[in-house]
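Next come the chains, spelled out residue by residue.
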Amino acid sequence: MQIEDRIIEDILVVTPLEKRLDASAAVDFKGKMVDWINHGHRRIVLDLSLVDFVDSSGLGAIASCLKTLGAGGDLVISGIRDAVLSLFQLTRMNRVFQIFPSPEAAIKGLTG
Amino acid sequence: MTNRPLDPQAAVSSIKLLIGSRLANVRLLGLAVHAFCTYLNFGETEAYQVQLALVEAVTNVIRYAYDGQPGQEVEVTVTLQPQCLSFQVKDTGRSLPALKPKTLEFDPRDVDHLPEGGMGLVIMHHVMDRVEYHRDGETNLLKMDKYFTPRQPPP
């Protein structure tokens, strides 16, 4: 899975460039995210603006990343589409992750 | 392999889709089902969720019935009745425990114990109106129905 990464105000913003975060992509996604976490990134914005499908494996991988960050870390979501948001809602993961409309809003939320 | 044209005006239309047991193939089924839902004028979120239910079902087959082994087949029959979209997922892997509806019980504040799996069944039961699973000889059959109100099909 191709993921674009950039650092803004000491916050890592990652943008998956593929449309689907599903069971066949989840392991690769999680591996890249854990690499960034292990390199010391503690505050991460996951920008899902280009992703139009996430399944429970993809969602589980995102949850796993938050667990890997542990106390003192933060992983927030931005740019999520309404359909994908419905997965977060029906699994109640919308109560776990802070969700922002854009990476800029997420950065403001994390630094404000 | 089309049995009959997918025509909402027809009493029953169906199509069989066959994939090899690799997770990378599941998205082909998902994309096909999303196209059916779009054709039926499902809203974007509903089309996504119906696709999601099928993707979860087939992913479970590959992961658990076939233990992730490639070289097996998963057959999905999509049937359209005037007010019902049905899926039958067929495999010849090992039988799975009865698919009982589950609920996700976790404390959203307790990050250390967030679920990373076990959500597929919840999704299937939440999205679809009927989910049934049984074994017939050496074959596992999962049937799922989604009822809908017919709308004017696109020209």
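Here, the structure is the one placed above.
Residues numbered from 1 in each chain as written. Chains lettered and ligands numbered in written order. Predicted model: local features only at pLDDT ≥ 70, side-chain atom pairs only at ≥ 80, totals over all residues. Heavy atoms only, no water.

## A few points about the overall build of chain B
Working step 1: Per the secondary structure count, chain B includes three helices and five strands.
Working step 2: Ordered by position in the sequence, the α and β elements of chain B form the string β-α-α-β-β-α-β-β.
Working step 3: Burial statistics for chain B: of 155 residues in total, 46% are counted as buried.
Working step 4: Per element, the accessible surface of chain B, about 8000 Å² overall, is 50% carbon and sulfur. (Helix = DSSP H or I, 4+ residues; strand = E, 2+ residues; numbered from the N terminus. Buried < 20%, exposed > 50% of the residue type's maximum accessible area, 1.4 Å probe, protein only. Areas by Shrake-Rupley, 256 points an atom, 1.4 Å probe, with all protein chains shown as cover.)

## Considerations on the pattern of salt bridges
Working step 1: Throughout the structure, instances matching the rule amount to twelve salt bridges over all chains.
Working step 2: In this structure, the salt-bridge partner of A:R20 is A:D22, at a minimum N-O distance of 3.6 Å.
Working step 3: Its relative accessible area of 4% is what places A:D22 among the buried residues.
Working step 4: In this structure, the salt-bridge partner of B:E116 is A:K67, at a minimum N-O distance of 2.9 Å. With B:E116 in the loop between β3 (84-91) and α3 (120-127) and A:K67 in helix α2 (residues 56-69), this pair bridges two chains.
Working step 5: Look at the salt bridges and you will find they share partners, linking A:R20, A:D22 and B:R27 into a network. (Salt bridge = Lys/Arg side-chain N within 4 Å of Asp/Glu carboxyl O.)

## Structural notes on the side chain of B:Q51
Working step 1: Note that B:Q51 resides in helix α2 (residues 44-65).
Working step 2: Side-chain polar atoms of B:Q51 contact the side chain of A:R20, separated by 2.7 Å.
Working step 3: Those residues in contact with B:Q51 that lie beyond four places of it in its chain are A:R20, A:F53, B:G30, B:L31, B:V33 and B:H34. (Polar contact = N/O pair within 3.5 Å; in protein donor to acceptor, adjacent residues only side chain to side chain. Contact = heavy atoms within 4.5 Å.)

## Considering helix α4 (residues 103-111) of chain A
Structurally, the α-helix is built with 3.6 residues per turn, so residues lying three or four positions apart point the same way.
All names here are of chain A.
Working step 1: Within α4 the residues assigned to the buried category are P103, A106, I107 and L110. Projected onto a plane normal to the axis of α4, the buried residues spread over an arc of 100° and lie on a single side. Summarising the geometry of α4, the exposed residues directed more than 90 degrees from the buried face are E104 and K108.
Working step 2: Residues of α4 that are buried sit in contact with β1 (3-8), β2 (11-16), β4 (43-47), β6 (74-78) and β7 (99-100). (Arc of directions from axis to C-beta.)

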